[in-house]
There are 2 protein chains.
Amino acid sequence: MELFWSDRISEGLCILDADETAHCVRVLRHREGDEISIIDGEGTLYTCVLLDTAGKEARAKIVGAQQNWGSHPYHLNMAVCPTKNIDRYEWFAEKAAELGIDIISPVIGDHSERKVFKPERLKRILLSAAKQSLKAAVPKIEEAQSVSRFIETSPSGQDCLKLIACCFEGEAPRISINDALRSFSGREIIVLIGPEGDFSQKELELAVKNGFIPIHLGESRLRTETAALTSVEAVYLSKI
Amino acid sequence: MELFWSDRISEGLCILDADETAHCVRVLRHREGDEISIIDGEGTLYTCVLLDTAGKEARAKIVGAQQNWGSHPYHLNMAVCPTKNIDRYEWFAEKAAELGIDIISPVIGDHSERKVFKPERLKRILLSAAKQSLKAAVPKIEEAQSVSRFIETSPSGQDCLKLIACCFEGEAPRISINDALRSFSGREIIVLIGPEGDFSQKELELAVKNGFIPIHLGESRLRTETAALTSVEAVYLSKI
């Protein structure tokens, strides 16, 4: 099954941009009258019939719609410090999108070597991963911000599980991510993953003060991107 | 902590090859008398003192040894069809080694697009992943063979859990990998992961006939390498 994406959907019509049109018409050779599937990136799958394919931007008539198509039974915000080698971050994002996440929040920690983050490439990777894994919702990328600011502005209350994975023990002892997930019945989950140099003591204390539960991911020493994906896997696997 | 590797360990001495010596002496500037840590790739960590660093191959005197250093509480053989784009297979192998696996068995399925597999690059990736994640044992790579041959020569009996992840339902209904792992108390686990085109009906039937349990990995459509890593994560997370 081949998915196309459009952010211009109104009055029963979907308009594909130049890239999607080229892929649909030039590469896959779809013609007027063909039925195609278009996602809006927000969770809805539209079944459409191609109207015209001559121009740079193909138009398609909506004949059906399914909301929450390819959705998952949780809402996961992965707040992960961008890695020194950005390919590793992009790899994590692709795999996380295949499994199912909702938000990627690039956060800059006290020990982060990479202080700047450009989202453009990542957006394309997330869109293609969502299409490839048959999901109508494409994970959102938040603006980059400091770990401290992310912690201080995170939602409070019992209906959101907030976890921070760190490699050292602070005041509050760490529990395994499985135990943390088992003791939570809600949908909303946030996992905070530090940079290669881990969180600072100050960041960990601030997180705990703001309701984050310190967790560990087992005995293995994992790279930042592997720790991040392992957290997504733990959430994903806890629901299958 | 920095690890070096040697396959020439005898009579209380470790000899580092030219690459490891260059890294130890030229890059990290270790000198005679320095204490260094050397793994044998089989599970033992040796604490050593550098004797001479002048030549192409440094020698170190063993002053301590720890067996099963950085080991994990299971024995996992991942039999995975090499992906069309081999980078994805190498990526899976690196992450699997970080988490902890024992054997990678490249298997060629009826629907495999890639029929040949060269292990040289993968060996280097597995060694560096083991060193990076502080494990003294480096995962082994089996000779490439057909899926059918792998199935027919797989161990029989109750002390080994044999799983096959496929995207379609055969005669025997699929269960989730979690349920399969929960119902097993042994150490020995084999997971069979098919190529982009999935297993053939014939391969699935042969596997079931030989005691493999058909499993699914949840609702998401995962790429071959993501399905393989998700299986490793399921085993790893089931033990933390």
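Now for a description of the structure that goes with this document. (Residues numbered from 1 in each chain as written. Chains lettered and ligands numbered in written order. Predicted model: local features only at pLDDT ≥ 70, side-chain atom pairs only at ≥ 80, totals over all residues. Heavy atoms only, no water.)

### What to know about the overall build of chain A
Step number 1: The helix and strand tally for chain A stands at seven helices and 14 strands.
Step number 2: Judged by the C-alpha coordinates and their principal axes, chain A covers about 65 × 35 × 30 Å.
Step number 3: Per-residue burial for chain A yields a buried fraction of 52% across its 240 residues.
Step number 4: The long-range fraction of contacts in chain A, counting pairs at least 24 apart against all pairs at least 6 apart in sequence, stands at 72%.
Step number 5: Summed over all atoms, the accessible surface of chain A reaches about 10900 Å², with 49% contributed by carbon and sulfur. (Helix = DSSP H or I, 4+ residues; strand = E, 2+ residues; numbered from the N terminus. Buried < 20%, exposed > 50% of the residue type's maximum accessible area, 1.4 Å probe, protein only. Contact = heavy atoms within 4.5 Å. Areas by Shrake-Rupley, 256 points an atom, 1.4 Å probe, with all protein chains shown as cover.)

### What to know about the pairing of strand β11 (residues 160-165) of chain B
All names here are of chain B.
Step number 1: Buried residues dominate β11, accounting for six of its six residues.
Step number 2: Residues C160, K162 and I164 line one face of β11 and the alternating positions L161, L163 and A165 line the opposite face, and both faces are buried.
Step number 3: By the bridge criterion, six bridges tie β11 to strand β13 (residues 188-193) in an arrangement that is parallel. Opposite A165, over in β13, you have I193 as the bridge partner.
Step number 4: Pairing of β11 with strand β14 (residues 213-216) involves three bridges; the strand directions are parallel. Of the residues in β14, the one forming a bridge with L163 is I213. (Pairing = 2+ DSSP bridges.)

### Observations concerning the interface of chain A and chain B
Step number 1: Counting residues at the interface gives 32 residues for chain A, matched by 32 residues for chain B.
Step number 2: Here chain A and chain B share an interface that buries about 2700 Å² over both sides, 48% of which is from carbon and sulfur atoms.
Step number 3: Among the residues of chain A in contact with chain B, R221, L237 and I240 of chain A are the three that bury the most area, contributing 23% of the side total.
Step number 4: Connecting chain A to chain B are eight salt bridges.
Step number 5: Between chain A and chain B we count 28 residue pairs in polar contact (both at pLDDT 80 or more) in total.
Step number 6: Contributing elements (two or more residues each) for the side of chain A that touches chain B: α2 (86-99), α3 (120-132), α5 (177-182) and α7 (224-237) of chain A.
Step number 7: By residue number, the principal contributor to the side of chain A that touches chain B is α7 of chain A, which donates eight residues.
Step number 8: When grouped by side-chain class, the residues that make up the side of chain A that touches chain B number twelve nonpolar, nine polar and eleven charged. (Buried area = accessible area lost by both parts, 1.4 Å probe. Salt bridge = Lys/Arg side-chain N within 4 Å of Asp/Glu carboxyl O. Polar contact = N/O pair within 3.5 Å; in protein donor to acceptor, adjacent residues only side chain to side chain. Nonpolar A, V, L, I, M, F, W, Y, C, P; charged D, E, K, R; others polar.)

### Structural notes on the sheet that holds strand β1 (residues 3-5) of chain A
All names here are of chain A.
Step number 1: With respect to topology, six strands assemble into an open sheet ordered β1-β4-β5-β6-β3-β2, the strand pairing being mixed. Edge positions in the sheet fall to β1 and β2 (8-10), since each of these pairs with one other strand and no more. When the angles between neighbouring strand axes are averaged without regard to direction, this sheet yields 40°.
Step number 2: Helix α1 (residues 18-27) contacts β1, β4 (35-39) and β5 (45-52) of the sheet and is inclined by roughly 155° relative to β1. (Axes fitted to C-alpha atoms, helices over the stretch in contact; angles between N-to-C directions.)

### Some thoughts on the packing of aromatic side chains
Step number 1: Considering all chains together, one arrives at five aromatic pairs over all chains under this definition.
Step number 2: Pairing W91 of chain A with W91 of chain B gives two aromatic rings, centres 4.7 Å apart and planes at 55°, and the pair type is tilted. Taken together, the residues W91 of chain A in helix α2 and W91 of chain B in helix α2 (residues 86-99) connect one chain to another. W91 of chain B shares its class with W91 of chain A; the two are buried. (Phe/Tyr/Trp six-rings, centres within 6.5 Å; stacked < 30°, edge-to-face > 60°.)

### Quick word on the relation of the copies chain A and chain B
Step number 1: Superposing chain A onto chain B takes a rotation of 180° plus a shift of 0.0 Å along the axis, which leaves an RMSD of 0.0 Å. Put plainly, the chains are arranged around a two-fold axis. Closest to the rotation axis within chain A is the C-alpha of E233 of chain A, separated from it by 3.4 Å.
Step number 2: When the interface residues of chain A are mapped onto chain B, 100% of them are again interface residues, pointing to one common binding face. (Least-squares fit on C-alpha atoms with pLDDT ≥ 70 in both.)

### A word on the layout of surface pockets
All names here are of chain A.
Step number 1: In this structure, the largest pocket encloses a volume near 730 Å³.
Step number 2: Around the largest pocket sit 28 residues that line it, and C167, R221, L222, R223 and T224 are the ones nearest its centre.
Step number 3: Mapped by element, the contributors of at least two residues to the lining of the largest pocket are β14 (213-216) and α7.
Step number 4: The greatest single-element share of the lining of the largest pocket, amounting to three residues, is contributed by α7.
Step number 5: Along the lines of polarity and charge, the residues of the lining of the largest pocket split into ten nonpolar, eight polar and ten charged. (1 Å grid on protein atoms, 1.4 Å probe; cavity = no way out; pocket = protein on both sides within 12 Å on 5 of 7 lines; lining within 4 Å. Points joined across faces, edges and corners; volume = space filled by probe spheres on them.)

### Regarding a positive patch on the surface
Residue and element names in this part refer to chain A.
Step number 1: Positive charge collects at one region of the surface, where R26, R29, R31 and K56 lie side by side.
Step number 2: Mapping K56 onto the fold places it in the loop between β5 and β6 (59-66).
Step number 3: In this structure K56 comes out as exposed when scored by relative accessible area, which is 67%. (Patch = residues over 30% accessible without salt bridge, like charges linked within 9 Å, V, L, I, M, F, W, Y side chains within 5 Å. Lys, Arg positive; Asp, Glu negative; His and termini not counted. Charge placed at Lys NZ, Arg CZ, Asp CG, Glu CD.)

### A closer look at α1 of chain A
Residues and elements named next belong to chain A.
Step number 1: If you check which residues of α1 are buried, you get E20, T21, C24 and V25. Taken end-on, α1 shows its buried residues confined to a sector of 105°, consistent with a single buried face. Every exposed residue of α1 that faces more than 90 degrees away from the buried side is listed here: D19 and V27.
Step number 2: On its buried face, α1 sits against β1, β4, β5 and α3.
Step number 3: Of the residues flanking the start of α1, the one acting as N-cap is D17, its side-chain oxygen 3.1 Å from the backbone nitrogen of D19. (Arc of directions from axis to C-beta.)

### Some details on the pairing of β13 of chain B
All names here are of chain B.
Step number 1: For β13, the buried fraction is high: five of the six residues fall into the buried class.
Step number 2: In the sheet, strand β7 (residues 75-80) pairs with β13 via six bridges, with the strands oriented parallel. Residue pairing across strands places L76 opposite I189, the latter belonging to β13.

### Observations regarding unusual backbone geometry
Step number 1: The backbone of R29 of chain A sits at a positive phi, close to 60°, despite the residue not being glycine.
Step number 2: Within the secondary structure, R29 of chain A sits in the loop between α1 and β4.

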